[in-house]
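Structural overview for review
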Amino acid sequence: MLLNRFKRKLTFVIIPEADESVIRLSLSRAALCAIAVCAACILASSGFACLSYAKTSAALAMSRTELRGKNERLQQEMRQKNAAIEELRSQIYTISEQAAKVRAQVEDLKRLERDLKALAPHADSGKPAGAAADAAASGMAERGMGGPRVPVTAQEVRAIAANARASYDQLLQELSGLSSRLDQAKAELAAAHERSRRTPNHWPTVSRLITSPYGYRHDPFTGKLSFHRGIDIAGKLNDPVYAAASGIVHTVGSDRLHGNHVIVEHSEGLRTWYMHLNKATVKKGDAVDKGQMIGKLGTTGRSTGPHLHYEVIKSGKSIDPRTYLP
Ligand SMILES: [Zn+2]
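This report concerns the structure included in the present document. All values reported here derive from a predicted model rather than from experimental measurement.

1. Description of the overall build of the protein chain
Counting secondary structure elements, the protein chain contains four helices and 14 strands. Taking 326 residues into account, the globule formula puts the C-alpha radius of gyration at 20 Å, and the protein chain, at 58 Å, lies well above it. Taking the principal axes of the C-alpha coordinates as reference, the protein chain spans close to 190 × 55 × 30 Å. In the protein chain, buried positions account for 21% of the 326 residues. Of the roughly 22500 Å² of accessible surface on the protein chain, 58% is carried by carbon and sulfur atoms. Each charge sign in the protein chain was given a centre, from 46 positive and 32 negative side chains, and these centres are 5 Å apart.

2. Let's talk about the coordination of the zinc ion
Octahedral six-donor coordination of a metal ideally yields angles of 90 or 180 degrees, compared with 109.5 degrees for tetrahedral four-donor coordination. Taken together, His228 (NE2), Asp232 (OD) and His309 (ND1) make up the protein donors of the zinc ion, found 1.9 to 2.2 Å from the metal. One chain supplies every donor to the zinc ion, and in sequence these donors are spaced H-x3-D-x76-H. Of this pair, His228 sits in strand 5 (residues 225-228) while His309 sits in strand 13 (residues 307-314), and the two are 81 residues apart along the sequence. His228 sits in the buried class, given a relative accessible area of 3%.

3. Concerning the packing of helix 2 (residues 29-119) against helix 4 (residues 154-197)
In a pair of packed helices, the angle between the axes and the distance between the axes together describe the arrangement. At a closest axis distance of 9 Å, the pairing of helix 2 and helix 4 adopts a crossing angle of 20 degrees. Taken together, helix 2 and helix 4 sit at an angle that is classed as roughly parallel. As for the relative orientation of helix 2 and helix 4, their crossing is left-handed in sense. Classifying every residue of the contact of helix 2 with helix 4 gives 22 nonpolar, seven polar and eight charged.

Conventions adopted
- Residues numbered from 1 in each chain as written.
- Predicted model: local features only at pLDDT ≥ 70, side-chain atom pairs only at ≥ 80, totals over all residues.
- Heavy atoms only, no water.
- Helix = DSSP H or I, 4+ residues; strand = E, 2+ residues; numbered from the N terminus.
- Rg over C-alpha atoms; globule rule 2.2 N^0.38 Å.
- Buried < 20%, exposed > 50% of the residue type's maximum accessible area, 1.4 Å probe, protein only.
- Areas by Shrake-Rupley, 256 points an atom, 1.4 Å probe, with all protein chains shown as cover.
- Lys, Arg positive; Asp, Glu negative; His and termini not counted.
- Charge placed at Lys NZ, Arg CZ, Asp CG, Glu CD.
- Donors = N, O, S within 2.8 Å, 3.2 Å for Na, K, Ca; no water.
- Axes fitted to C-alpha atoms, helices over the stretch in contact; angles between N-to-C directions.
- Parallel < 35°, antiparallel > 145°, perpendicular 65-115°, else oblique.
- Left-handed = near helix turned anticlockwise from the far one by under 90°.
- Nonpolar A, V, L, I, M, F, W, Y, C, P; charged D, E, K, R; others polar.

Everything listed here is a matter of coordinates, which is why it stays silent on function.
Shown next as structure tokens:
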């Protein structure tokens, strides 16, 4: 009964324009059902495909947005890292400049040290007591190192560079102060050395036997009280007579009172007189060093026997030569 109903046909009549013939289309109910089912399937498939396409498009759009965001973050990180690298380079450059200044100052100090040692020849020129220990420690430091490698962050590197720069700044300040102190010490030492060179504290004779001191005495010729402006030092004929300090030979002369004599001009108004020489061995204008031979001991002039009459004159007045002699 149901089968017969599906076998029945339905006729569709299509009526075109008036001058054309009528189109009749007969289809069974089964065929119509099949066509309806096919159309529904096609519609469903199309709808599903559209939905899938929409979902895929949305997913792609999200992925694209995420990728763009990641890309921007990466670019920002790269910019920050590049800036950090530039900053580190700048800091390292500053540190290297400071290192060059420190090296230059250390070289200056070494030169100053050499100069000071030359001025003070008896200063201890040996290595400092801790030098050997430092060298040993340095040798040990070259051995026995290890441990796991721990990467250093850019922030830590910046901290290290900042500490190094602060240390260098402090070191530069200390070196600068030390350098000026050493300059001052060098100048003072040079002045002291020069003063010592020009101070008549060198015995003018081999003998140190003073036969007549400075001051009042009975004159050896007249026996009357008189003032002795120098000291008489006994010695052998032709014993060497030395300059008591460095200076310039002011006078080389000879007369009945002083005999053959030499006067040496020193600094600060100081002069030394060497009288009764057998012979002078320098001439006027000669530069003489402390301890240099300037004549030979004798007994010329107003003298009772071989000796040196030695005087020290300061600003035109005689002073006791023993003030300076050791
Ligand atoms: Zn005398």
